Amino acid sequence: MTATPPRRSLVVREATRADLLEVFRIERASFPQPWPYGAFEGFLGTPGFLVAEQREEGDDPGTITGYIVADTVPNHGSPIGHVKDIAVHPDHRGRGIGRRLLERGLAVMEGRDAARVKLEVRDGNDAAISLYRDFGFRHHHTVPGYYDDGTDALVMVRPGD
């Protein structure tokens, strides 16, 4: 007799205070210049701070595997969306989690009437750049030396419809 493996599901939901420590751990594992813990606290309660939670049948709570921080800013009467931070834990990459997070983050910004969306990505982060291109982002300009180690940032923009 073989046992049936538990069913797994990925839930993308708004971040809560209980998620912050794991979000911060993912941030530190993902970036050489991580945001401080307090930066995430400041986004609690905003619709664009979402986490991906991997759950197995009967597993509540599940495991936080990634997050996105996105919001909108005024732009001459038409808000522009801004993906401020997105990461998936290194052990969970390559499973479509970043794609699901970005999809939901874009939907939140669209629901807040963002005509366009922008983001900054480290030059050379080919996996992220490819994902963003899949969602219609295009290179707008480069900010030289944006990161502490001197690496440039590519500013990518997704035009509105």
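Above this text sits the structure in question.
Report follows, based on the coordinates. (Residues numbered from 1 in each chain as written. Predicted model: local features only at pLDDT ≥ 70, side-chain atom pairs only at ≥ 80, totals over all residues. Heavy atoms only, no water.)

**Let's talk about unusual backbone geometry**
Rules: Strands are runs of DSSP state E lasting at least two residues, helices are runs of H or I lasting at least four, and both sets are numbered from the N terminus onward. Summary of the burial criterion: residues with accessible area below 20% of their type's maximum are buried, those above 50% are exposed, and those between are partly exposed, where the area comes from a 1.4 Å probe applied to protein chains only.
For His 76, which is not glycine, the phi dihedral falls at a positive 55°. Looking at where His 76 falls in the secondary structure, it is placed in the loop between strand S3 (63-73) and strand S4 (80-88). The class for His 76 is exposed, based on a relative accessible area of 83%. With phi around 65°, Asp 113 is a residue other than glycine that occupies positive phi space.

**Description of the layout of surface pockets**
Gaps left between atoms show up when a probe the size of a water molecule is rolled over them. Rule in force here: For cavity detection a 1 Å grid was placed over the protein atoms alone, and a set of points counts as a cavity when a 1.4 Å probe fits there but cannot get out; an open set counts as a pocket when protein lies on both sides within 12 Å along at least five of seven lines, with lining residues being those that have an atom within 4 Å of a point. Grid points are joined across faces, edges and corners, and a volume is the space filled by probe spheres set on the points.
Estimates place the volume of the largest pocket at around 880 Å³. Forming the boundary of the largest pocket are 32 residues, of which Phe 31, Ile 86, Asn 125, Ala 128 and Tyr 132 lie nearest the centre. Elements supplying a minimum of two residues to the lining of the largest pocket: helix H1 (20-30), S4, helix H3 (97-111), strand S5 (116-122) and helix H4 (126-134). Estimates place the volume of the second largest pocket at around 160 Å³. Together, 11 residues line the second largest pocket, and Glu 110, Ala 114, Ala 115, Arg 158 and Gly 160 are the ones closest to its centre. Contributions of two or more residues to the lining of the second largest pocket are made by H3 and S5. A total of three residues in the lining of the second largest pocket trace back to one element, the largest contributor, which is H3.

**Focus on the side chain of His 89**
The test is simple: Contacts were defined at the residue level, with two residues in contact if any of their heavy atoms lie within 4.5 Å.
Among the structural elements, His 89 can be located in the loop between S4 and H3. Discounting chain neighbours no more than four positions away, the residues touching His 89 are Ile 26 and Thr 65.

**Section: H3**
Under the convention used in this document: A helix is expected to span 1.5 Å multiplied by its residue count minus one. By definition, the arc is the one covered by directions from the helix axis to the C-beta atoms.
Here H3 is 15 residues long and its end C-alpha atoms lie 21 Å apart, about the 21 Å a rise of 1.5 Å per residue gives. Of all the residues in H3, the buried ones are Ile 97, Gly 98, Leu 101, Leu 102, Gly 105, Leu 106, Val 108 and Met 109. Each buried residue of H3 lies within a common arc of 160° when the element is viewed along its axis, so the set occupies one face. Exposed residues pointing more than 90 degrees away from the buried face of H3 are listed as Glu 110 and Gly 111. Once H3 ends, the next one or two residues include Asp 113, with phi positive near 65°.

**Concerning the packing of aromatic side chains**
Here is the rule we go by: Think of it this way: a Phe, Tyr or Trp ring, Trp meaning its six-membered ring, pairs with another when their centres are within 6.5 Å, and the plane angle makes it stacked under 30 degrees, edge-to-face over 60, tilted otherwise. As a reminder, the over-ring test applies to NZ of lysine and CZ of arginine, requiring each to be within 6 Å of the ring centre and within 35 degrees of the ring normal.
For the structure shown, the criterion picks out seven aromatic pairs. Note on Trp 35 and Phe 40: the rings are 5.2 Å apart at their centroids and 40° apart in plane angle, and the pair reads as tilted. Counting every residue linked through ring pairs, the aromatic cluster contains Trp 35, Phe 40, Phe 43, Phe 49 and Tyr 67. Between the NZ or CZ atom of Arg 122 and the centre of the ring of Tyr 147, over which it lies, the distance is 4.1 Å.

**Brief notes about the sheet that holds strand S2 (residues 49-56)**
Where we set the bar: At least two DSSP bridges between two strands are needed for those strands to be called paired. An axis is simply a line fitted to the C-alpha atoms; with a helix, the fit covers only the stretch in contact. Between two such axes, the angle follows the N-to-C directions and lies from 0 to 180 degrees.
The sheet built from seven strands is open, its strands ordered S1-S2-S3-S4-S5-S7-S6 with mixed pairing. The open sheet has two edge strands, strand S1 (8-14) and strand S6 (138-143), and neither has a second partner. The average undirected angle you get between the axes of adjacent strands in this sheet is 25°. Here S5 pairs with strand S7 (residues 153-158) via six bridges, running antiparallel. From the neighbouring strand, Arg 122 faces S7, where its bridge partner is Ala 153.

**A look at the packing of H3 against H4**
Note the following rule: Angle categories are assigned with fixed cut-offs, so that under 35 degrees is roughly parallel, over 145 is roughly antiparallel, 65 to 115 is roughly perpendicular, and the rest are oblique. Here a crossing is called left-handed whenever its near helix is offset anticlockwise from the far helix by less than a right angle, and right-handed whenever the offset is clockwise.
Contact geometry for H3 and H4: axes closest at 11 Å, N-to-C directions at 45°. With respect to H4, the axis of H3 lies oblique. Classified by chirality, the crossing of H4 by H3 is right-handed. In this structure, H3 contributes Gly 98, Arg 99 and Leu 102 to the contact, and H4 contributes Leu 131, Tyr 132 and Asp 134.

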